[in-house]
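Each chain is listed here by its residues.
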Amino acid sequence: MSGNSAALQPPADAVPPVRHPDAPAPGELLGAHYGQCFGCGDEQPHGLHLEARAGEGVSITAEFTVRPAHQGAPGLAHGGVLATALDEALGSLNWLLRTIAVTGRLETDFVQPVPVGTVLHLEAEVTAVAGRKIYCTATGRIGGPEGPVAVRADALFIEVKVDHFIDHGRQEEIQAAMEDPDQVRRARAFEVNP
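Each chain has its residues counted from 1, running along the sequence as written. Per-residue local features of the predicted model are confined to residues with pLDDT of at least 70, and side-chain atom pairs are confined, for both listing and counting, to 80 or more; whole-chain, interface and lining totals are unaffected and use all residues. Side-chain descriptors were evaluated using all non-hydrogen atoms of the structure, hydrogens and water having been removed beforehand.

Asker: Any chance you could explain the overall build of the protein here in plain terms?
Answerer: Across its full length, the protein carries four helices and six strands. In this description a helix means any DSSP run of H or I spanning at least four residues, a strand means any run of E spanning at least two, and both kinds are numbered starting from the N terminus. Reading the secondary structure of the protein in the N-to-C direction produces β-β-α-β-β-β-β-α-α-α. The 194 residues of the protein split such that 44% are buried. Every accessible area reported is derived by Shrake-Rupley at a probe size of 1.4 Å, with residue values counting cover from the shown protein chains alone. Total accessible area computed for the protein in this model is approximately 9700 Å², and 53% of it derives from carbon and sulfur atoms. For the exposure calls, accessible area comes from a 1.4 Å probe over protein chains only, and a residue counts as buried if that area is under 20% of its type's maximum, exposed if over 50%, partly exposed in between.

Structure representation (structure tokens):
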């Protein structure tokens, strides 16, 4: 990523990210933060079903398979779907910080087309934290973790309170998530993306 945007450059007083002591262990599957999430939810028939695993430090690895429902041009992934995959991977990093945050800015480079049927391998990491701002980067590769780069992104996430979702979400979904008896799922439903 070129990182030319001033909004994506951490300020001089930014600090290195610190993995939360209660974060999932490296290699552990993070699971869906919300069943209806288009990026990771297992209840979304046309969603990405992105599966992320905790990495070392404040990083994750993830993958998703580009299906026919994800195409833009014939036989190729839609650019918006690829941006969504990057955003979902980047958002998953917040689970390692144990922070509720939303995407403030996402800049994406599309390096090469991604054919339908491809498994896109994603790596993402937090690079710096400054107050409520979380700076991170991600790369998507074709054919494996060492394959050619297809997409990459830099992002800025902003830490928010759970009220952000309660104030702006649709009431019936908010209520259903709040009534979930699984405390971890209930908390995670509100962890990423606006």
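The rest of the description comes next.
Asker: Hey, could you run me through the nonpolar core in this one?
Answerer: When a protein is soluble and globular, its nonpolar side chains tend to lie buried together. The term nonpolar core refers to a set of buried residues drawn from Ala, Val, Leu, Ile, Met, Phe, Trp, Tyr and Cys, joined through side-chain atoms within 4.5 Å. Formed by 38 residues in total, the largest nonpolar core has its most connected members in Ile 60, Phe 64, Leu 90, Val 114, Leu 120, Leu 122 and Val 126. Going through the elements one at a time, strand 1 (51–54), strand 2 (59–65), helix 1 (79–97), strand 4 (119–130), strand 5 (133–142) and strand 6 (149–159) are the ones with two or more residues in this core. In what follows, a contact means two residues having at least one pair of non-hydrogen atoms within 4.5 Å. The contacts of Leu 90, once residues within four sequence positions are left out, are Leu 106, Ala 124, Cys 136, Thr 137, Ala 138, Ala 153, Ala 155 and Phe 157. With six residues, the next largest nonpolar core counts Ala 130, Tyr 135, Leu 156 and Ile 158 among its residues.

Asker: Got a minute to help me understand the pattern of salt bridges in this structure?
Answerer: Pairing between side chains becomes possible if they bear opposite charge and their charged atoms approach one another. Any Lys or Arg side-chain nitrogen found within 4 Å of a carboxyl oxygen on Asp or Glu counts as a salt bridge. Using the criterion set out here, one finds two salt bridges in the structure. Arg 105 serves as the salt-bridge partner of Glu 107, at 2.9 Å between the closest nitrogen and oxygen. By relative accessible area, which is 17% here, Glu 107 ends up buried. Ionic pairing is found between Asp 109 and Arg 152, a salt bridge with its closest N-O pair at 3.6 Å. With Asp 109 in strand 3 (residues 101–110) and Arg 152 in strand 6, this residue pair connects regions lying 43 residues apart in the sequence. We classify Asp 109 as partly exposed; its relative accessible area is 21%.

Asker: Quick question: what am I supposed to make of the side chain of His 70 here?
Answerer: By secondary structure assignment, the location of His 70 is in the loop between strand 2 and helix 1. At a separation of 3.2 Å, a polar atom in the side chain of His 70 contacts the main-chain carbonyl oxygen of Gly 47. Aside from chain neighbours lying at most four places away, what touches His 70 is His 46, Gly 47, Leu 48, Phe 64, Thr 65, Leu 76, Ala 77, His 78 and Val 81. Two N or O atoms count as a polar contact when they lie within 3.5 Å, although within protein this holds only if one can serve as hydrogen donor and the other as acceptor, and sequence-adjacent residues are included solely when both atoms are side-chain atoms.

Asker: Hey, could you run me through the packing of aromatic side chains in this one?
Answerer: For any two aromatic rings, the description comes down to two numbers: the centre-to-centre distance and the angle of the planes. When two rings of Phe, Tyr or Trp (its six-membered ring) have centres within 6.5 Å they constitute a pair, described as stacked for plane angles under 30 degrees, edge-to-face for angles over 60, and tilted for the intermediate range. With the rule as written, the count across this model stands at zero aromatic pairs. Sitting over a ring, as applied to charges here, requires NZ of Lys or CZ of Arg to be within 6 Å of the ring centre and within 35 degrees of the ring normal. In this structure, Arg 98 packs its charged tip against the face of Trp 95, placed 4.8 Å from the ring centre.

Asker: What is the right way to read the environment of Leu 122 from this model?
Answerer: Summarising the element assignment, Leu 122 is placed in strand 4. Measuring from C-alpha to C-alpha, the distance between Leu 122 and Phe 64 comes to 8.4 Å, with 58 residues separating the pair along the chain.

Asker: Is there a simple way to think about helix 1 in this case?
Answerer: In this model helix 1 runs 28 Å from its N-terminal to its C-terminal C-alpha over 19 residues, within 8% of the 27 Å that 1.5 Å per residue would give. Along helix 1, 16 of the 19 residues are buried, which leaves the element largely enclosed by surrounding structure. At the C-terminal side of helix 1, Arg 98 shows a positive phi close to 55°. Given the number of residues in a helix, its expected span is that number minus one, multiplied by 1.5 Å.

Asker: Looking at this structure, how should I read the sheet that holds strand 4?
Answerer: Across a sheet, paired strands are connected by hydrogen bonds in the backbone, their directions being either parallel or antiparallel. Judged by pairing direction, the sheet is antiparallel, and its six strands sit side by side in the order 1-2-4-5-6-3 without closing on themselves. Since the sheet does not close on itself, it has two edges, and those belong to strand 1 and strand 3, each with one partner. On average, each strand axis in the sheet is inclined to that of its neighbour by 20°, with strand direction left out of account. What makes two strands pair is DSSP finding at least two bridges between them. Across 10 bridges, strand 4 lies against strand 5 in antiparallel orientation. Residue pairing for strand 5: His 121 is matched across the bridge by Arg 141. Structural elements are reduced to axes, namely lines fitted to C-alpha atoms, with helices fitted over the stretch in contact, and the angle between N-to-C directions of any two is expressed from 0 to 180 degrees.

Asker: How should I be thinking about the state of the cysteines in this particular structure?
Answerer: Formally, a disulfide is one covalent bond, and it connects the sulfur atom of one cysteine to the sulfur atom of another. Throughout, a disulfide means two cysteine sulfur atoms within 2.5 Å of one another. Following the criterion strictly, the structure yields zero disulfides and no others. Take Cys 37: it sits in no disulfide, and the sulfur closest to it among the cysteines is that of Cys 40, at 3.8 Å. Owing to a relative accessible area of 12%, Cys 37 belongs among the buried residues under this scheme.

So, to be careful, I would describe these as geometric facts and stop short of saying anything about function.
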